[in-house]
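Listed here are the chains, written in short residue letters.
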Amino acid sequence: MNHLDYGGNACGARRPKKRSSGESPADEQSLRASGRQLNVRVKRSNNPPPGQSKRKATETEEEDEQSEKKYRNHKDGYETFASWKKVWTTNGKSEPSLKAFMADQQLPFWVQCTKPDCRKWRQLTKEIQLTASLAATYRCGMKFNNIKNDGPDQCSQPEDMRVAEVTNSWWHAMLILPPLFKDSPASPFLVAYYPDCVGMSPSGSLSTVTKAELRADHCRAVQPQSLCPYFQPFYQPNECGKALCVRPDMMELDELYEFPEFSRDPTMYLALRNLILASWNSNCTEVLTLEKCAQHIIVRGLVRVCCVQEMDRVLHFMTRKGLINTGVLAVKQPLLPERYGTVSTYIIELTKNVIVIGAGASGLAAAKQLQNFGTQVVVLEARDRIGGRVWDDMSLGVTVGRGAQIVNGCVNNPIALMCEQMGIKMHKLGERCDLFQKGGVTTDPAIDKRMDFHFNAILDVVSEWRKDKSQHQDTPLGEKVQEVKKNFLQESGIQFSELEEKVLQFHLSNLEYACGSTLDQVSARSWDHNEFFAQFSGDHTLLTQGYSVLLHKLADGLDIRTKCPVQAIDYSGDVVKVTSTNGSQWTAHKVLVTVPLTLLQKNMIQFNPPLPERKLKAIHSLGAGIIEKIAVQFPCRFWDKKIQGADYFGHIPPNPDKRGMFSVFYDMDPQGKQAVLMSVISGNSVTTVQDMEDKEVLEECMKVLQELFKEQEVPEPLGFFVTRWSTDLWAQMSYSFVKTGGSGEAYDILAEDVQGKLFFAGEATNRHFPQTVTGAYLSGVREASKMTAM
């Protein structure tokens, strides 16, 4: 389960099979051939083991042998071929055939004129090597080696007739040898792979780290030194469980759906997609365009024309999916221009507008994406501020999130991406968390470690129990934990000491914090349903400037109407009518609802027709979890000496009734200048503080701190605040959880659109990453993509 940002698996990459030889004709004019597909790589096929190649077709093998014999007659040429063959064999998996040599070394390069009113393709002479800089600056008639081109304007010269043939679908279908790029921006990311398995030429430039060393250590992640360490878009071989990674050697399901023509041999697609992803991760502060990507397509023959054409499609697909050109990027013109909708496999409805209800992380993410795509969007927000359950308070001298403030796992996290785009530094949270008990005594770390082991062992037994259980056999997590604990103590004869029992209560309070609920309401079968998917890895960080700076940047340039609570949505007609509480009406072709789960459960918005029964059932099978916070400002940092630079410290509850009452205190100023502590209230303690005045909550908090720091005087606070999310009219919750008898599938059902007109986003619609700002943001990106594609 996520260690939630509110307060505080795909496994092993298999090697693709070795590619057969006979992949291309040795045709200097193009890479067209008879159409026989000798190289077939299909996702999840029964490939031979790594290192074994498929048997070559007999006639192709004989043809290659005859060609090679002829080539041997030219000694100089054969030595060149033999030298190339040695490099190819050392680095690659595919057969170093003579045809591969011709395609890799002998075919001419083709380059496109960069003049906007020309854009014709020209064949370079054999002695001219294509580079990214040449591709970025080439113009018809460009001078090389101080040779002047006399005569009329070179752009007026007709384009080679062979170029027009490349645009025909049969041309691509007849390719036998897939293009393998040289000097691809993806190369530094993918040195642990055989280059021809990920669309790159084995004869290309090598990394300073030998490929053999990297392949011997499959789990070693390779990251270009100049990049943010949180940008790791590709799985490394045999790596597991890293969210938002792609397999560089395999197409994803949505890619296969969008580009079925590459299902038999995905090499060209992989080469293009990997190049795009690497380019974006190398510079995420500027829009990635076709021109920027095309200059890095270094491949010989007319197939380069085909690659540039396909690059346009792949680039727009990845933009629509939010894989690139996303975050708080400044966009001057639509990323998906209207003309593209007429030639694409999907339609972009730029003339149809969208209403987004809710200006939280999900609503703002969707609105930003849609507006960047070229769609007209209006955002309706009930509050007088944006952010929703992101609400930063600066009244105590530092930024304290009344809602979310922590990023849980930064690798590939879109929050880390936005921080990089804005130049915001996150504070990495340390792992040390000393546990203090009554009297200020520091708990023996060995006891903490031992009880942490028992706590996780109990959850492991719960995981085993649920394997063969259906939904109707579910039971509350709290009951199952107590049952497993009781059975363990009886069977083992072990007796927990009084202190060990209290430490176990501390760990249970953390579990209630993670779920946002008392354990008697949480599903034992599905409490950690999202852990079945790859989660965000890497550092947990504190956004010292808060999430609000990111959300306000997202909101830049958006049409946001605050103080506009929506009370009714009528989607019975061709257009959707949205009515606010003051009687104002808006119409749109599509409406995105991003309100918190509680508001849907309490019918705060009237839908006409009513939402489908399937969706209503899912809405009520999820729980609306609540945690509260208290933040206290002091005149001095009295805790520094005791916690010795740790970012937080724990509080062992004196009895089970106090479980969840200030279980962890966070130091809100890692720089050590301000003196502000923040603590979380969870479980049954949330109900306790609901009946207390803010000042009474502060008094209880001070009693705990005075007990934990009994050896010294705890100064009187200078200021404080207590959150009241449970009574916040437009939230009434913190984050969702699966109730007993429910299922993680409910998140997917909530995410389903209704009639292609009504869409839903928010953390409670994200099965993979619920309960987090990241999950909310990604749900908005998801819905923007979905609405654009429909």
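Residues numbered from 1 in each chain as written. Predicted model: local features only at pLDDT ≥ 70, side-chain atom pairs only at ≥ 80, totals over all residues. Heavy atoms only, no water.

- For the protein, the name recorded in an unreviewed UniProt entry is [histone-H3]-N(6),N(6)-dimethyl-L-lysine(4) FAD-dependent demethylase, with Takifugu flavidus as its organism.
- Entered under Sequence similarities (unreviewed entry) in the UniProt record, the comment concerning the protein runs "Belongs to the flavin monoamine oxidase family." (UniProt positions renumbered as here; feature names shortened; annotations may be inferred.)

Comments concerning the overall build of the protein
Reasoning step 1: The number of helices and strands found in the protein is 25 helices and 24 strands.
Reasoning step 2: As presented, the protein carries roughly 33,600 Å² of accessible surface, and 49% of it is formed by carbon and sulfur atoms. (Helix = DSSP H or I, 4+ residues; strand = E, 2+ residues; numbered from the N terminus. Areas by Shrake-Rupley, 256 points an atom, 1.4 Å probe, with all protein chains shown as cover.)

Topic: the environment of Y777
Reasoning step 1: You can see Y777 is positioned in helix α25 (residues 773-789).
Reasoning step 2: Put simply, Y777 and S362 are 415 residues apart on the chain and 4.5 Å apart in space, counted from C-alpha to C-alpha.
Reasoning step 3: The residues touching Y777, leaving out its near neighbours within four places in the chain, are T326, G327, A361, S362, A365, P414, M418 and L554.
Reasoning step 4: Looking at Y777, its side chain comes within polar contact range of the main-chain nitrogen of G327, at 3.2 Å. (Contact = heavy atoms within 4.5 Å. Polar contact = N/O pair within 3.5 Å; in protein donor to acceptor, adjacent residues only side chain to side chain.)

Examining the nonpolar core
Reasoning step 1: Membership of the largest hydrophobic core comes to 100 residues, with the highest contact counts inside it found for I276, I297 and Y547.
Reasoning step 2: Formed jointly, this core draws a minimum of three residues from each of two domains, domain 1 (110-144 + 155-321) and domain 2 (352-426 + 539-624 + 732-789).
Reasoning step 3: In terms of nonpolar packing, the next biggest core, distinct from the first, is built from 43 residues, I406, L429, L519 and A631 among them. (Core = buried A, V, L, I, M, F, W, Y, C linked by side-chain atoms within 4.5 Å. Buried < 20%, exposed > 50% of the residue type's maximum accessible area, 1.4 Å probe, protein only. Domains from an automatic or database assignment.)

With respect to the sheet that holds strand β20 (residues 661-667)
Two strands in a sheet stick together by hydrogen bonds in their backbones, pointing the same way (parallel) or opposite ways (antiparallel).
Reasoning step 1: Here we have six strands laid out as an open sheet, ordered β9-β19-β20-β21-β18-β22, and mixed in their pairing. Each of the sheet's edge strands pairs with one partner strand only, and the pair in question is β9 (435-436) and β22 (719-722).
Reasoning step 2: With four bridges connecting them, β20 and strand β21 (residues 676-681) associate as antiparallel partners. Across the sheet, the residue bridging to F665 is S679, located in β21.
Reasoning step 3: Its contacts with the sheet put helix α23 (residues 694-708) on β9, β18 (628-633), β19 (648-651), β20, β21 and β22, and the angle it makes with β20 is roughly 75°. (Pairing = 2+ DSSP bridges. Axes fitted to C-alpha atoms, helices over the stretch in contact; angles between N-to-C directions.)

Points about helix α15 (residues 445-465)
Helical geometry note: an α-helix holds 3.6 residues per turn, so side chains three or four residues apart project in the same direction.
Reasoning step 1: Here α15 is 21 residues long and its end C-alpha atoms lie 30 Å apart, about the 30 Å a rise of 1.5 Å per residue gives.
Reasoning step 2: Taken together, the buried positions of α15 are I447, D448, M451, H454, F455, I458, L459, V462 and W465. For α15, the angular spread of buried residues about the axis comes to 135°, placing them on one side. Exposed residues pointing more than 90 degrees away from the buried face of α15 are listed as P445, K449 and F453. (Expected span 1.5 Å × (residues − 1). Arc of directions from axis to C-beta.)

Observations concerning the pattern of salt bridges
Reasoning step 1: Evaluation of the coordinates by the stated rule reveals 36 salt bridges.
Reasoning step 2: Between R389 and E763 there is a salt bridge, with its nearest N and O atoms 3.4 Å apart. Of this pair, R389 sits in the loop between β4 (377-380) and β5 (392-393) while E763 sits in the loop between β24 (758-760) and α25, and the two are 374 residues apart along the sequence.
Reasoning step 3: Between D539 and K428 there is a salt bridge, with its nearest N and O atoms 3.6 Å apart. With D539 in the loop between α17 (498-515) and β10 (540-542) and K428 in strand β8 (residues 427-428), this pair connects stretches of sequence that are 111 residues apart.
Reasoning step 4: K428 sits in the exposed class, given a relative accessible area of 52%.
Reasoning step 5: If you follow the salt bridges from partner to partner, you end up with E261, E310 and R313 in one network. (Salt bridge = Lys/Arg side-chain N within 4 Å of Asp/Glu carboxyl O.)

Observations concerning unusual backbone geometry
Reasoning step 1: Residue N608 is joined to P609 through a cis peptide bond whose omega torsion reads -5°.
Reasoning step 2: Phi is positive for N238, close to 65°, though the residue is something other than glycine.
Reasoning step 3: Of note, N238 is situated in the loop between α7 (211-216) and α8 (253-258).
Reasoning step 4: On the basis of relative accessible area, N238 is assigned to the partly exposed category, the value being 36%.

Re the side chain of Q369
Reasoning step 1: Tracing the sequence through the fold places Q369 in helix α13 (residues 361-373).
Reasoning step 2: Given the relative accessible area of 2%, Q369 is considered buried.
Reasoning step 3: Not counting the four nearest positions on each side in its chain, Q369 is found in contact with T319, G322, N325, T326, G327, V781 and A784.

Notes on the confidence of the model for the protein
Reasoning step 1: Averaged over every residue, the pLDDT of the protein is 87; residues scoring 70 or more account for 85%.
Reasoning step 2: Every residue in residues 339-351 scores below 50 in pLDDT, and together they form 30 contacts with partners more than four places removed in sequence or on other chains. (pLDDT = per-residue confidence, 0-100.)

Description of the packing of aromatic side chains
Reasoning step 1: For the structure on display, the rule yields 24 aromatic pairs.
Reasoning step 2: Measuring from centroid to centroid gives 5.4 Å for F259 and F317, while their planes differ by 90°, and the two rings are edge-to-face. Of this pair, F259 sits in the loop between α8 and α9 (267-282) while F317 sits in helix α11 (residues 303-320), and the two are 58 residues apart along the sequence.
Reasoning step 3: A relative accessible area of 2% places F317 in the buried class.
Reasoning step 4: Where F607 meets F760, the ring centres are 6.4 Å apart and the plane angle is 45°; that geometry is what we call tilted. Pair noted here: F607 is in strand β16 (residues 606-608) and F760 is in strand β24, with a separation of 153 residues, a long-range link. (Phe/Tyr/Trp six-rings, centres within 6.5 Å; stacked < 30°, edge-to-face > 60°.)

Considering the pairing of strand β14 (residues 585-588)
Reasoning step 1: Here β14 shows a clear split, with W586 and A588 buried on one side and none of Q585 and T587 buried on the other.
Reasoning step 2: Bridging between strand β13 (residues 576-580) and β14 involves four bridges; their strand directions are antiparallel. Residue pairing in the sheet places V576 in a bridge with A588 of β14.
Reasoning step 3: The antiparallel hairpin formed by β13 and β14 contains four residues in its connecting segment, where G583 sits at a positive phi of about 95°.

Comments concerning α17
Reasoning step 1: For α17, built from 18 residues, the straight-helix expectation of 26 Å at 1.5 Å per residue is met to within 8% by its first-to-last C-alpha distance of 26 Å.
Reasoning step 2: Among the 18 residues in α17, 13 count as buried, and that is most of the element.
Reasoning step 3: Backbone geometry just after α17 places G516 at a positive phi near 75°.

Some points on the environment of I357
Reasoning step 1: By secondary structure assignment, the location of I357 is in strand β3 (residues 354-357).
Reasoning step 2: Among the residues examined, I357 registers a relative accessible area of 4% and is labelled buried.
Reasoning step 3: Among residues more than four places away in sequence, those in contact with I357 are L380, V566, I569, V578, V591, L592, V593, T594 and V595.

With respect to the sheet that holds strand β12 (residues 566-570)
Reasoning step 1: Pairing is mixed across the open sheet formed by four strands, whose spatial order is β14-β13-β12-β16. This sheet does not close on itself; its edge strands, each paired only once, are β14 and β16. Averaged over neighbouring strand pairs, the angle between their axes works out to 15° when direction is ignored.
Reasoning step 2: Of the strand pairs in this sheet, β12 and β16 are connected by three bridges, and their pairing is parallel. Paired with A568 across the strands is Q606, a residue of β16.

Section: the packing of α9 against α11
Reasoning step 1: Viewed as axis vectors pointing N to C, α9 and α11 meet at an angle of 55°, and their least axial separation amounts to 9 Å. In terms of their interaxial angle, α9 and α11 are classed as oblique. Classified by chirality, the crossing of α11 by α9 is right-handed. Between α9 and α11, the contacting residues are M268, Y269, L272, R273, L275, I276 and L277 on the first element and V303, C306, C307, E310, M311, V314, L315, F317 and M318 on the second. (Parallel < 35°, antiparallel > 145°, perpendicular 65-115°, else oblique. Left-handed = near helix turned anticlockwise from the far one by under 90°.)

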